[in-house]
Amino acid sequence: EVGLVESGGGLVKAGGSLRLSCAASGFTLDGYAISWFRQAPGKQREEISCINTRDGTTVHADSVKGRFTISSDNAKNTVHLQMNSLKPEDTAVYYCTTSPICNWYGDYGYWGQGTQVTVSS
């Protein structure tokens with residue numbers, strides 16, 4: 001079955017770290033751009049990070065720049081999001097999705113089920 005599965009979320013204290021994973025199923029990740037979005041209750045999804053798996057170039061939103069790092073492991077068909085120096089405002093459900101390239105203006109493709117990240121004060 002074609003899709004994405006997120007994992008690695010949890011409850012952490014402010015200043016802590018989490019490593020999220022996005023595993024591709026039923027297709028080869030290499031060649032896609034993979035984005036991480038997050039959505040807090042009552043808010044729209046916000047794109048925070050993206051990686052072009054073809055060449056390894058990355059994009060991060062200002063809100064997470066310097067704290068989050070996206071990377072790809074093509075051998076394991078997985079993308080990771082290393083989240084350091086977490087803040088309470090990072091609390092959200094985190095999703096990964098596909099597109100042809102980062103800074104994509106069209107519709108996104110496959111979405112995972114999301115993984116909850118909760119950061120306490």
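Above: the structure in question.
Given the structure is predicted, the values throughout are model-derived calculations rather than measurements. (Residues numbered from 1 in each chain as written. Predicted model: local features only at pLDDT ≥ 70, side-chain atom pairs only at ≥ 80, totals over all residues. Heavy atoms only, no water.)

(A) Structural context of the sheet that holds strand β9 (residues 92–99). Strands sit in the order β2-β10-β9-β4-β5-β6 across an open sheet of six strands; the sheet is mixed. Two strands lie at the open edges of the sheet, namely β2 (10–13) and β6 (58–60), each paired on one side alone. Taking each pair of neighbouring strands and ignoring which way they run, the sheet shows an average axis angle of 25°. (Pairing = 2+ DSSP bridges. Helix = DSSP H or I, 4+ residues; strand = E, 2+ residues; numbered from the N terminus. Axes fitted to C-alpha atoms, helices over the stretch in contact; angles between N-to-C directions.)

(B) Here's a closer look at the packing of aromatic side chains. Tallied over the full model, the rule gives six aromatic pairs. On the numbers, 5.4 Å between centres and 35° between planes, the contact of Phe27 with Tyr110 is tilted. In this pair, Phe27 is assigned in the loop between β3 (18–25) and β4 (33–39) and Tyr110 in the loop between β9 and β10 (115–120), connecting sequence segments 83 residues apart. Aromatic rings pair up to connect Phe37, Tyr95, Tyr108 and Trp111 into one cluster. The aromatic ring of Tyr95 is capped on one face by Arg45, whose charged end is 3.8 Å from the ring centroid. The ring of Trp111 carries Arg45 above its face, with NZ or CZ at 4.2 Å from the centroid. (Phe/Tyr/Trp six-rings, centres within 6.5 Å; stacked < 30°, edge-to-face > 60°. Lys NZ or Arg CZ within 6 Å of the ring centre and 35° of its normal.)

(C) Spotlight on the pattern of salt bridges. Here the structure, examined in full by the defined rule, presents four salt bridges. A salt bridge links Asp90 to Arg38, with the nearest nitrogen and oxygen atoms 2.8 Å apart. Pair noted here: Asp90 is in the loop between β8 (78–83) and β9 and Arg38 is in strand β4, with a separation of 52 residues, a long-range link. Take Arg38: its relative accessible area is 7%, and that puts it in the buried class. Sharing partners across several salt bridges, the network here consists of Arg38, Glu46, Arg67 and Asp90. (Salt bridge = Lys/Arg side-chain N within 4 Å of Asp/Glu carboxyl O. Buried < 20%, exposed > 50% of the residue type's maximum accessible area, 1.4 Å probe, protein only.)

(D) Structural context of the pairing of β4. Judged by how many residues are buried, β4 sits mostly within the fold: six of seven residues are covered. Bridging between β4 and strand β5 (residues 46–52) involves six bridges; their strand directions are antiparallel. When the sheet's bridge partners are listed, Ala33 is paired in β5 with Asn52. The sheet contact formed by β4 and β9 spans seven bridges and is antiparallel. Among the inter-strand pairings, Phe37 is bridged to a residue of β9, identified as Tyr95.

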